[in-house]
Amino acid sequence: MHKMPAMRAKLLLASSIAFALVACGGTVVECSQRYWDGQIGTCLPTGWHVLDRANLDERGVPEEAVVAFQTDESIAGQYLTVVVTREDLAQEVTSTQYSEAGAASVTSLPGYARLEERSVSIDGSRHILHVFTAQPSDTQPMARFYQLSLAKGKTGYTFTVATPVSIDDSAEERIVAILENATLTAPTDTGTASSDAATGE
């Protein structure tokens, strides 16, 4: 197993961003908007929008966060935000190895408790969709996290969302749909929907 010592720091960053952005503002979930920025992609369900790098710059978000996806309306008092962070790796690892390392790296977080690990297939490889609770810092409340890590070459990406410890099934289904549709492979059709989503329009 390749060790990823920076992964815990990445989670802390992602969770901090998610909480900062909150301050700013068994159903089949259909893809309403395809996102592809030339490096990473996913499908957004109805009720979600893109916060691209320009949007994040306006909020003072660190450069490690390349994009975020946020709910149009608050859920349980907060705007749920999937934050995607990027990490430069010292050596190439498989996407499966990076996914497994990401799931293992957060087990020492304060208050950590694993709720679920789902095996999902993305870009033809097995990945772990890790669901857990933790309190990464004293200034943040205990939260539920959904996390998925992918890698391509010497670049790793981690999708993280922090939610209240208890959320309704509908919100969870949409979060899971965004993560399960994550990809590092360009779509065969890069039409208007992809372009609009990538620019946040």
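Residues numbered from 1 in each chain as written. Predicted model: local features only at pLDDT ≥ 70, side-chain atom pairs only at ≥ 80, totals over all residues. Heavy atoms only, no water.

A. Quick look at the pairing of strand S9 (residues 155-163). Within S9, nine of the nine residues are buried, leaving the element largely enclosed by the surrounding structure. Neither face of S9 is left uncovered, since the one carrying Thr-155, Tyr-157, Phe-159, Val-161 and Thr-163 and the one carrying Gly-156, Thr-158, Thr-160 and Ala-162 both have all their residues buried. Bridging between strand S5 (residues 81-88) and S9 involves seven bridges; their strand directions are antiparallel. Counterpart to Glu-87 in the pairing with S9 is Gly-156. Two strands pair when backbone bridges link them, and strand S8 (residues 143-152) and S9 are joined in this way by nine bridges, in the antiparallel orientation. By the bridge assignment for S9, Leu-150 is matched with Tyr-157. Hairpin connection from S8 to S9: two residues lie between these consecutive antiparallel strands, with Gly-153 at a positive phi of about 65°. (Buried < 20%, exposed > 50% of the residue type's maximum accessible area, 1.4 Å probe, protein only. Helix = DSSP H or I, 4+ residues; strand = E, 2+ residues; numbered from the N terminus. Pairing = 2+ DSSP bridges.)

B. Examining the sheet that holds S5 more closely. Taken in spatial order, the seven strands of this open sheet run S3-S4-S5-S9-S8-S7-S6, and their pairing is antiparallel. The strands lining the two open edges of the sheet, one partner per strand, are strand S3 (48-51) and strand S6 (113-122). On average, adjacent strands in this sheet sit at an angle of 20° to one another, irrespective of strand direction. Sheet topology places strand S4 (residues 65-71) next to S5; five bridges connect them, and they run antiparallel. The partner of Phe-69 across the bridge, within S5, is Val-82. Helix H4 (residues 169-180) contacts S3, S4, S5, S6, strand S7 (125-134), S8 and S9 of the sheet and is inclined by roughly 15° relative to S8. (Axes fitted to C-alpha atoms, helices over the stretch in contact; angles between N-to-C directions. Contact = heavy atoms within 4.5 Å.)

C. Quick look at unusual backbone geometry. Even without being a glycine, Asp-123 presents a positive backbone phi close to 55°. With respect to the element layout, Asp-123 can be found in the loop between S6 and S7.

D. Local environment of the state of the cysteines. What the rule picks out here adds up to one disulfide. Disulfide pairing places Cys-31 opposite Cys-43 at an S-S distance of 2.5 Å. Because the sign of the S-S torsion sets the handedness, a value of about -75° for the bond joining Cys-31 and Cys-43 places this disulfide among the left-handed ones. On the criterion of sequence distance, the pair formed by Cys-31 in the loop between helix H1 (7-24) and strand S1 (33-36) and Cys-43 in strand S2 (residues 41-44) is long-range, its members being twelve residues apart. Classification of Cys-31 by relative accessible area gives partly exposed; the value is 43%. Judged by relative accessible area, which is 8%, Cys-43 ranks as buried. (Disulfide = S-S within 2.5 Å.)

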